[in-house]
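Below are the chains, spelled out letter by letter.
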Amino acid sequence: MADDTPAVDRSKPSVARIYDYLLGGHDNYPVDREIGDYFLRELPGSVAVPVENRRALIRAVAAMATTGIRQFLDLGSGLPTADNVHQVARRHRPDARVVYVDNDPTVLAHGRALLAADGRSSVVLADLREPAEIRRRPEVADLIDFDQPVGLVFSAVLHHLDDAERPAELVRWWTERVPSGSQLYLSHFRSGGNEECRLAERKLQGSLGRGRWRTDREILDLFGGLELLEPGLVSCSAWRPETVSAPTGSPRREPTVWEQMISCALARKP
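All values reported here derive from a predicted model rather than from experimental measurement. (Residues numbered from 1 in each chain as written. Predicted model: local features only at pLDDT ≥ 70, side-chain atom pairs only at ≥ 80, totals over all residues. Heavy atoms only, no water.)

K.L.:
Account for the packing of aromatic side chains, with residues named and values stated.
P.N.:
Applying the stated criterion across every chain, the model contains 5 aromatic pairs. Here the aromatic rings of Trp173 and Trp174 are separated by 4.9 Å at their centres, their planes lie at 75°, and the arrangement is edge-to-face. Accessibility assignment for this pair places Trp173 and Trp174 in one class, buried. By the ring-pair criterion, three or more aromatic residues cluster together here, those being Phe146, Trp173 and Trp174. Across the ring face of Trp173, the terminal group of Arg177 is positioned such that the distance to the ring centre comes to 3.8 Å. (Phe/Tyr/Trp six-rings, centres within 6.5 Å; stacked < 30°, edge-to-face > 60°. Buried < 20%, exposed > 50% of the residue type's maximum accessible area, 1.4 Å probe, protein only. Lys NZ or Arg CZ within 6 Å of the ring centre and 35° of its normal.)

K.L.:
Go over the pattern of salt bridges with me, naming the residues and quoting the values.
P.N.:
Using the criterion set out here, one finds 22 salt bridges in the structure. Asp32 is paired through a salt bridge with Arg17; the nearest N and O atoms lie 2.6 Å apart. Placement of the pair is Asp32 in helix α2 (residues 30-42) and Arg17 in helix α1 (residues 15-22), with a sequence separation of 15 residues. With respect to burial, Asp32 and Arg17 carry one shared label: buried. Shared partners join several salt bridges into a network, and the residues in it are Asp127, Arg129, Glu165 and Arg210. (Salt bridge = Lys/Arg side-chain N within 4 Å of Asp/Glu carboxyl O. Helix = DSSP H or I, 4+ residues; strand = E, 2+ residues; numbered from the N terminus.)

K.L.:
Hey, could you go over the side chain of Thr175 for me, with residue numbers and the actual values?
P.N.:
Inspection of the secondary structure assignment puts Thr175 in helix α8 (residues 167-175). Setting aside anything within four residues of it in sequence, one finds Thr175 in contact with Leu152, Leu184, Leu226 and Lys269. (Contact = heavy atoms within 4.5 Å.)

K.L.:
Go over the environment of Leu233 with me, naming the residues and quoting the values.
P.N.:
Along the polypeptide, Leu233 turns up in the loop between β6 (227-228) and β7 (234-235). Once the C-alpha coordinates of Leu233 and Ser187 are considered, the two residues, 46 residues apart in sequence, prove to be 9.1 Å apart. The contacts of Leu233, once residues within four sequence positions are left out, are Asp216, Ile219, Leu220, Ser263, Cys264 and Ala265.

K.L.:
Talk me through the pairing of strand β1 (residues 71-75); I want residue IDs and the actual numbers.
P.N.:
When you tally the buried positions in β1, you get 5 out of 5 residues, the bulk of the element. Alignment of β1 against strand β2 (residues 97-102), held across 5 bridges, turns out to be parallel. Across the sheet, the residue bridging to Asp74 is Tyr100, located in β2. One crossover worth recording links β1 to the parallel β2 by way of helix α4 (residues 85-92), and it is right-handed. Bridge count for β1 against strand β4 (residues 151-155) is 3 bridges, and the pairing is parallel. Pairing of Asp74 across the sheet is with Val153, part of β4. (Pairing = 2+ DSSP bridges. Right-handed = clockwise from strand over helix to strand, strands pointing away.)

K.L.:
Outline the nonpolar core, listing residues and values.
P.N.:
Counting 47 residues, the largest nonpolar core has Val61, Met64, Phe72 and Tyr185 as the members making the most contacts within it. Residue contributions to this core peak at 10 residues, all from helix α3 (residues 48-66). Sequence-distant contacts of Val61, defined by excluding residues within four places in its chain, comprise Phe72, Val85, Val88 and Ala89. Of all hydrophobic cores here, the second largest spans 32 residues; its members include Leu152, Val171, Phe223 and Ala267. (Core = buried A, V, L, I, M, F, W, Y, C linked by side-chain atoms within 4.5 Å.)

K.L.:
Outline the confidence of the model for the protein chain, supporting the account with residue identities and numerical values.
P.N.:
Detailed conclusions should not be drawn from predicted coordinates in areas where pLDDT is low. Mean pLDDT over the protein chain works out to 89, with 94% of the residues at or above the 70 mark. Low pLDDT (under 50) marks residues 243-248, which in the prediction has 3 contacts with non-local residues, meaning those over four places away or in another chain. (pLDDT = per-residue confidence, 0-100.)

K.L.:
Can you break down the side chain of Arg90 residue by residue, with the values?
P.N.:
Its location among the elements puts Arg90 in helix α4. For Arg90, a relative accessible area of 17% gives the class buried. A polar contact of 2.6 Å, which involves the side chain of Arg90, links it to the side chain of Asp118. Among all residues touching Arg90, those that are not within four sequence positions of it are Ala96, Asp118, Arg120 and Ser121. (Polar contact = N/O pair within 3.5 Å; in protein donor to acceptor, adjacent residues only side chain to side chain.)

K.L.:
I'd like a rundown of the state of the cysteines, residues and numbers included.
P.N.:
A complete count under the given rule lists 0 disulfides for this structure. In this model Cys236 remains outside any disulfide bridge; the closest cysteine sulfur is found in Cys264, 3.7 Å from its own. Cys236 sits in the buried class, given a relative accessible area of 0%. Residue Cys264 is classed as buried on the basis of its relative accessible area, which comes to 0%. (Disulfide = S-S within 2.5 Å.)

Structure below.
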């Protein structure tokens, strides 16, 4: 079979590859590492943002699967890493089906390699801003039954859309097309009104040419009329954290300024 994977433009940074670099991966290029190194060098501690985001995603997928969700649509999935959505879901639902969607050819190439022998997961190269096109893709039609509850995942992706691209309408497009009992997980960069947030936002906007940190109110608005599940919108590190095992039973520490920079929530469609 001919390889129809589009060529990767190594001269332009990729959100997926920057995250991959910050998470310790190797599927990135100098242009991505230049941006990642800025955060590691100039904003020490900022690596907590992608790390805590990934940890919260793992817990959220597990939570969805344990409450009965058997199919997941991961929109803006990024590069494969340890504990991918299909791996987490299948620990709780062995029959879980997953479609990953991203606009980076690197994600397509690595996703295809990872899922080559997996008949219940697929990766689609598509633009997040074109939901109708994604919905029509045969990979989605083959694996996702929109008459049954779906787990929608928007992990650390909507903050890369400008307001003019109407991220709330994009979320609503999908939630209107899934049945009652479906769940939505969303994580998003959070405006903190501090210098760390301003520097991080300025660097990514300057490097990628787009995106905006949003306030708690603006992030909550992305969920529309869905029912927020406990504990609501909180920093990723504080979202259903693992049980503290210390024998002293000391209270969990407050999130750092970096951990507070990314928030998440899980919601259910009534």
